[in-house]
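# Examining the three-dimensional arrangement
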Amino acid sequence: NNQRDYQTISNSIDTILLLQEGEWMNLTTKEKIDTLQTVANIEAHYLGLPNELNVGAANLGEYTLACYNDKTHTISIDLDHLENDSVYDVLGSCCHEAYHSYQHRLVDVYNTADENLKGLRIYRLVAQYGKEFNDYVDGESNFCSYYYQSCEIDARDYAESAVCNYYNRIREYLNGTSNG
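Residues numbered from 1 in each chain as written. Predicted model: local features only at pLDDT ≥ 70, side-chain atom pairs only at ≥ 80, totals over all residues. Heavy atoms only, no water.

### Section: the overall build of the protein chain
Check the secondary structure of the protein chain and you find 8 helices and 3 strands. Beginning at the N terminus, the succession of helices and strands in the protein chain can be written as α-α-α-β-β-β-α-α-α-α-α. For the protein chain, whose C-alpha radius of gyration is 17 Å, the value lies close to the compact-globule estimate of 16 Å for 180 residues. Taking the principal axes of its C-alpha atoms as reference, the protein chain extends roughly 50 × 40 × 25 Å. For the protein chain, the residues scored as buried account for 43% of the 180 residues in total. Here the protein chain contributes 12 positively and 28 negatively charged side chains, and the mean placements of these two sets differ by 7 Å. (Helix = DSSP H or I, 4+ residues; strand = E, 2+ residues; numbered from the N terminus. Rg over C-alpha atoms; globule rule 2.2 N^0.38 Å. Buried < 20%, exposed > 50% of the residue type's maximum accessible area, 1.4 Å probe, protein only. Lys, Arg positive; Asp, Glu negative; His and termini not counted. Charge placed at Lys NZ, Arg CZ, Asp CG, Glu CD.)

### A look at the pattern of salt bridges
What the rule picks out here adds up to 5 salt bridges. Where Lys 30 meets Asp 34, a salt bridge forms, and the shortest distance between an N and an O atom there is 2.7 Å. One end of the pair is Lys 30 and the other is Asp 34, both in helix 3 (residues 29-47) and 4 residues apart, which spans about a single turn. One connected set of salt bridges, linked through shared partners, spans Asp 70, Arg 105 and Asp 108. (Salt bridge = Lys/Arg side-chain N within 4 Å of Asp/Glu carboxyl O.)

### Focus: the packing of helix 5 (residues 87-112) against helix 6 (residues 121-134)
Contact geometry of helix 5 with helix 6 gives a least axis separation of 9 Å together with a crossing angle of 110°. When the axes of helix 5 and helix 6 are compared, the pair comes out roughly perpendicular. Taken together, the residues of helix 6 that come into contact with helix 5 (itself represented by Tyr 99, His 100, Gln 103, His 104, Leu 106, Val 107, Val 109 and Tyr 110) are Tyr 123, Val 126, Ala 127, Tyr 129, Gly 130 and Phe 133. A breakdown of the residues in the contact of helix 5 with helix 6 according to their chemical character gives 10 nonpolar, 4 polar and no charged. (Axes fitted to C-alpha atoms, helices over the stretch in contact; angles between N-to-C directions. Parallel < 35°, antiparallel > 145°, perpendicular 65-115°, else oblique. Contact = heavy atoms within 4.5 Å. Nonpolar A, V, L, I, M, F, W, Y, C, P; charged D, E, K, R; others polar.)

### Remarks on the pairing of strand 3 (residues 74-78)
Counting buried residues along strand 3, 4 of its 5 residues qualify, which places the element largely inside the surrounding structure. Judged from the 4 bridges that link them, strand 2 (residues 66-69) and strand 3 form a sheet pairing that is antiparallel. Looking at the pairing, Asn 69 lines up with Thr 74 of strand 3. Linking two consecutive strands that pair antiparallel, namely strand 2 and strand 3, is a turn of 4 residues; a positive phi of about 55° is found at His 73 within it. (Pairing = 2+ DSSP bridges.)

Here it is as structure tokens:
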């Protein structure tokens, strides 16, 4: 077990405090990526992922803010997004892509489940994720179809909630009311 397994918001609060707008704007690109790597480690721990997540930056083109590659477990954040957009949006992108890794692991479980169990309600959405990943529509080819895929709707919802959680935890820490 390496250190990554134990990364939580409380254990990484010094790094998480860099997600405040005033701190974030003064970070170099590498420091921003390092901060997001800590976030990805926390997300991997929180989501119970058996795989690590690796964060990097790339020029992804005008329609893509971030993407996730499940073969390499890599979250790529668009360089322009990383350097010019608000930290809230960039954090949201990182959490959104981390959730895609979680969705892939759910599909793995579904694919290895006993046939008699695949009809369980809990698997219906996961089966849908599997279909979408097999026939993925990206935002460049058809934005509407991309936007309304279940895997994207759920990743957006998760990211919104995760971002709120990070900023609530920062506020609690700064107000001295942190409870771990």
